[in-house]
Amino acid sequence: MEYFAAPVEWYWELFPRQTEVEEVVDLGWVARLSVSIIERAKQSGDSGPIGPAMHWAHRFVITQGVDGAWPAKVNLRTGEVVDSTRTLGPADFLEKLGDILNSSEFDRAVTRARESICSAEAG
Amino acid sequence: MQQDERIDLAAQNARRNLTRREFVRKLGVATGSAGMITAAFTGCTLSTSQRAEASEAMVDALGKVPKVKCSKRLGGMEMSRIIICQDWAGDLFDPAVAAGMNFVHKAGYFRTVPEALKKLPRESYYVDTTVDNTSPGHDPTNFDEAYNQVKSELDRTGLKYFDVFRAHYGWNTLNSFNKGDNASYRAFEKLKKEGLVKYFGVSQHTGGGYEKYADMLNAQIDSGLIHTMQLWISYNTSAEELAAMEKAHNAGINIIAMKVYAHGSGKMRGDAAKLTELKSDGMVGRAGLRYVLGLKGANGKPFVDAAVTNLRNFNMFEENVGSVAAKVAMADGLSYHVA
């Protein structure tokens, strides 16, 4: 499993890509990659590889929409949202990250995403 | 992490356990050499007792992290030049305290305070809370959110008080800062009267959606209300921004660097001469910290008091904390003590 970090001057700087030339990324994939990094860190006892994912988490927190979700596909270089599809995938990642970091920093974002799911189910 | 760097997670996790004999032999060789202690254990998974033993040896080899006496505006606080972050790996708090680090950033986010801090007298270390009504996606005019966050964090952590109320992410426009007449400062004043916070600070971010960094910093300096600023400072920071930071420090504002690695490592990695000058060949993290903590103003004195960095394991700890720790810096012919 490997990824390439986006250049620091890009809108979604340092976000992961599957190839060196890729610009459009599925944020649900970023979330799943992040969860797998956390799981591997738990198994190995070394949280070193989590460092970059913490940066991604902070970006997820400040880019969460008022609906509690995130755009599913974005252009990492320009920041453009590629289509209207939304994802709640980052919430699972943020919840697991908060647990492993002993941190409440992501709790509000996770709650907002969960409330979004509940209201969608109720609707 | 260098831009466009390929990160192979499988390789990062290929590790093996060590027998007691192997561990003792490796530790003995490492402590007797001039290299990094943690390098001896690359690719190994240490048991809890092995980690504790290696940690003690590492701290002993590093020496103490020097402290800087901040201005009267911050009560003359003596702050370690590298500070702890709440979300560090849990087993780094003991070596951090042992190395003399005495300030914890983002402490309000602790779900439970680590034992390494709990066992210390509360007055022997400093903490800040990053207050989120100014974070993107929140309402910077929301007094109640700011006030209630601090109250609930103190209830949860039992920290009694926060030394610094730090507006998280800062303000994105001059209007929202409003020369200091804003909800964050009003919440700070109320909490200060209640004895729950002492100093007012900001963790000012920049980039998309924010007005020009130097303009934001100058407005905050001119308000006279800010005691401490945490700022994006790296090998990539522009001269204009550094000048605003120097001006802030000259006004008595404590300056803490953040994003040292994230935003400066790419440029630093590509500058072999700078790495050598900073006695940090092959250690980009160490070089970045030595660069920012060595920045000097027109008066010849450092204007960055401290730096916060994201440390996740002993190897990162040794490389980064070794940037300024007394024994390592001295061996490299450098000093980060501030007279």
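Note that the coordinates shown come from a computational prediction; the quantities given were computed from them, not determined experimentally.

1. Things to note about the pattern of salt bridges
Part 1 of the argument: Tallied over the entire structure, the rule returns 24 salt bridges over all chains.
Part 2 of the argument: Among the salt bridges present, the one from B:Asp128 reaches B:Arg166, with a minimum N-O distance of 2.7 Å. Taken together, the positions of B:Asp128 in strand E8 (residues 126-131) and B:Arg166 in strand E9 (residues 162-169) put the pair 38 residues apart, joining distant regions of the chain.
Part 3 of the argument: When its relative accessible area of 0% is taken as the criterion, B:Asp128 is described as buried.
Part 4 of the argument: B:Lys274 is paired through a salt bridge with B:Glu277; the nearest N and O atoms lie 3.3 Å apart. Of the two residues, B:Lys274 and B:Glu277 both sit in helix H12 (residues 272-277), three residues apart, roughly one turn of that helix.
Part 5 of the argument: According to the relative accessible area criterion, B:Lys274 is buried, its value standing at 17%.
Part 6 of the argument: In this structure B:Glu277 comes out as exposed when scored by relative accessible area, which is 51%.
Part 7 of the argument: Linked by salt bridges that have partners in common, A:Asp92, A:Glu95 and A:Arg114 make up one network.

2. Side note on the interface of chain B and chain A
Part 1 of the argument: Contact with chain B, which involves 38 residues of that partner, is made by 38 residues of chain A.
Part 2 of the argument: Along the contact surface separating chain B from chain A lie three salt bridges.
Part 3 of the argument: Close ionic contact of B:Lys106 with A:Glu105 constitutes a salt bridge, the shortest N to O distance being 2.9 Å.
Part 4 of the argument: If you look at where chain B meets chain A, you find 15 residue pairs in polar contact (both at pLDDT 80 or more).
Part 5 of the argument: Counting residues per element, the ones that place at least two in the side of chain B that touches chain A are strand E1 (6-8), helix H1 (9-12), helix H6 (143-157), E9 and helix H11 (260-269) of chain B.
Part 6 of the argument: For the side of chain B that touches chain A, the residue count by class is eleven nonpolar, 14 polar and 13 charged.

3. Observations regarding the domain arrangement of chain B
Interface extent is often summarised as the accessible area lost during association of the parts.
Residue and element names in this part refer to chain B.
Part 1 of the argument: Assigned domains within chain B: domain 1 (1-62) and domain 2 (63-331).
Part 2 of the argument: Computed from C-alpha coordinates alone, the two centres of domain 1 and domain 2 are separated by 28 Å.
Part 3 of the argument: When the two sides are added together, the surface that domain 1 and domain 2 hide from each other amounts to roughly 1,500 Å², 57% of it contributed by carbon and sulfur.
Part 4 of the argument: Taken as a group, Met36, Val59 and Leu62 account for 43% of the area that domain 1 buries against domain 2, more than any other trio of residues on that side.
Part 5 of the argument: The interface formed by domain 1 and domain 2 contains two salt bridges.
Part 6 of the argument: Close ionic contact of lysine 327 with aspartate 60 constitutes a salt bridge, the shortest N to O distance being 3.6 Å.
Part 7 of the argument: Along the contact surface separating domain 1 from domain 2 lie eight residue pairs in polar contact (both at pLDDT 80 or more).
Part 8 of the argument: Broken down by class, the residue content of the side of domain 1 that touches domain 2 amounts to eight nonpolar, three polar and two charged.

4. Brief notes about the side chain of B:Gln149
Part 1 of the argument: With respect to the helices, strands and loops of the structure, B:Gln149 is situated in helix H6.
Part 2 of the argument: Excluding anything up to four places from it in sequence, B:Gln149 contacts B:Tyr109, B:Thr129, B:Thr130, B:Val131, B:Asp132 and B:Asp144.

5. Focus: helix H1 (residues 27-44) of chain A
Residues and elements named next belong to chain A.
Part 1 of the argument: Compared with the 26 Å implied by 1.5 Å per residue over 18 residues, the 26 Å span of H1 between its first and last C-alpha is a close match.
Part 2 of the argument: All of the buried residues along H1 are Leu27, Gly28, Trp29, Val30, Ala31, Leu33, Ser34, Val35, Ile37, Ile38, Ala41 and Ser44.
Part 3 of the argument: The N-cap of H1, judged by a side-chain oxygen 2.7 Å from the amide nitrogen of glycine 28 a few residues on, is aspartate 26.
Part 4 of the argument: Following H1 by one or two positions, glycine 45 adopts a phi angle in the positive range, close to 80 degrees.

6. Thoughts on the state of the cysteines
Residue and element names in this part refer to chain B.
Part 1 of the argument: Summed over the entire model, instances satisfying the criterion amount to zero disulfides over all chains.
Part 2 of the argument: Unpaired in this structure, cysteine 85 has its nearest cysteine sulfur neighbour in cysteine 70, at a distance of 18 Å.
Part 3 of the argument: The exposure class of cysteine 85 is buried, given its relative accessible area of 7%.

7. Details of the packing of helix H9 (residues 213-223) of chain B against helix H10 (residues 239-250) of chain B
All names here are of chain B.
Part 1 of the argument: H10 packs onto H9 with a crossing angle of 10 degrees between their chain directions and a minimal axis gap of 9 Å. By the angle class used here, H9 and H10 are roughly parallel. When H9 is examined against H10, the residues Tyr213, Ala214, Leu217, Asn218, Ile221 and Asp222 are found in contact with a partner set consisting of Glu240, Glu241, Ala244, Met245, Lys247 and Ala248.
Part 2 of the argument: Its residues placed into classes, the contact of H9 with H10 shows seven nonpolar, one polar and four charged.

8. Thoughts on the sheet that holds E8(B)
Backbone-to-backbone hydrogen bonds join strands into a sheet, with any given pair of strands oriented parallel or antiparallel.
Residues and elements named next belong to chain B.
Part 1 of the argument: Pairing is parallel in the closed barrel, where eight strands are placed in the order E6-E7-E8-E9-E10-E11-E12-E13. The average undirected angle you get between the axes of adjacent strands in this sheet is 30 degrees.
Part 2 of the argument: In this sheet, strand E13 (residues 306-308) lies alongside strand E12 (residues 254-258) in parallel orientation, the contact comprising two bridges. Opposite isoleucine 256, over in E13, you have alanine 306 as the bridge partner.
Part 3 of the argument: Strand contacts of helix H8 (residues 183-193): E9 and strand E10 (197-204), with the helix running at about 155 degrees to E10, the strand carrying the most contacts.

9. Here's the deal with the pairing of E8(B)
All names here are of chain B.
Part 1 of the argument: Of all six residues that make up E8, five are buried, and the element is covered over most of its length.
Part 2 of the argument: Examined bridge by bridge, strand E7 (residues 103-105) and E8 share two bridges and lie parallel to one another. Its bridge partner lying in E8, phenylalanine 103 is registered against tyrosine 126.
Part 3 of the argument: In this sheet, E9 lies alongside E8 in parallel orientation, the contact comprising four bridges. When the bridges of E9 are listed, valine 131 appears paired with alanine 167.
Part 4 of the argument: Remark: the E8/H6/E9 crossover connection has right-handed handedness.

10. Observations regarding the nonpolar core
Part 1 of the argument: Within the largest apolar cluster, 95 residues are counted, with the highest numbers of intra-cluster contacts made by B:Met79, B:Trp88, B:Met101, B:Phe165, B:Met229, B:Ile233 and B:Phe317.
Part 2 of the argument: Considering each element in turn, this core owes the most residues, six residues, to helix H13 (residues 284-293) of chain B.
Part 3 of the argument: Summarising the domain contributions, this core has at least three residues from each of domain 1 (1-62) and domain 2 (63-331) of chain B.
Part 4 of the argument: Those residues in contact with B:Ile233, other than ones at most four positions away along the chain, are B:Leu242, B:Met245, B:Ile255, B:Ile256, B:Ala257, B:Met258, B:Lys259, B:Val260, B:Val292, B:Leu295 and B:Val304.
Part 5 of the argument: Within the second largest apolar cluster, 33 residues are counted, among which are A:Leu33, A:Ile37, A:Phe60 and A:Val110.

Criteria and cut-off values
Residues numbered from 1 in each chain as written. Chains lettered and ligands numbered in written order. Predicted model: local features only at pLDDT ≥ 70, side-chain atom pairs only at ≥ 80, totals over all residues. Heavy atoms only, no water. Salt bridge = Lys/Arg side-chain N within 4 Å of Asp/Glu carboxyl O. Helix = DSSP H or I, 4+ residues; strand = E, 2+ residues; numbered from the N terminus. Buried < 20%, exposed > 50% of the residue type's maximum accessible area, 1.4 Å probe, protein only. Contact = heavy atoms within 4.5 Å. Polar contact = N/O pair within 3.5 Å; in protein donor to acceptor, adjacent residues only side chain to side chain. Nonpolar A, V, L, I, M, F, W, Y, C, P; charged D, E, K, R; others polar. Domains from an automatic or database assignment. Buried area = accessible area lost by both parts, 1.4 Å probe. Expected span 1.5 Å × (residues − 1). Disulfide = S-S within 2.5 Å. Axes fitted to C-alpha atoms, helices over the stretch in contact; angles between N-to-C directions. Parallel < 35°, antiparallel > 145°, perpendicular 65-115°, else oblique. Pairing = 2+ DSSP bridges. Right-handed = clockwise from strand over helix to strand, strands pointing away. Core = buried A, V, L, I, M, F, W, Y, C linked by side-chain atoms within 4.5 Å.

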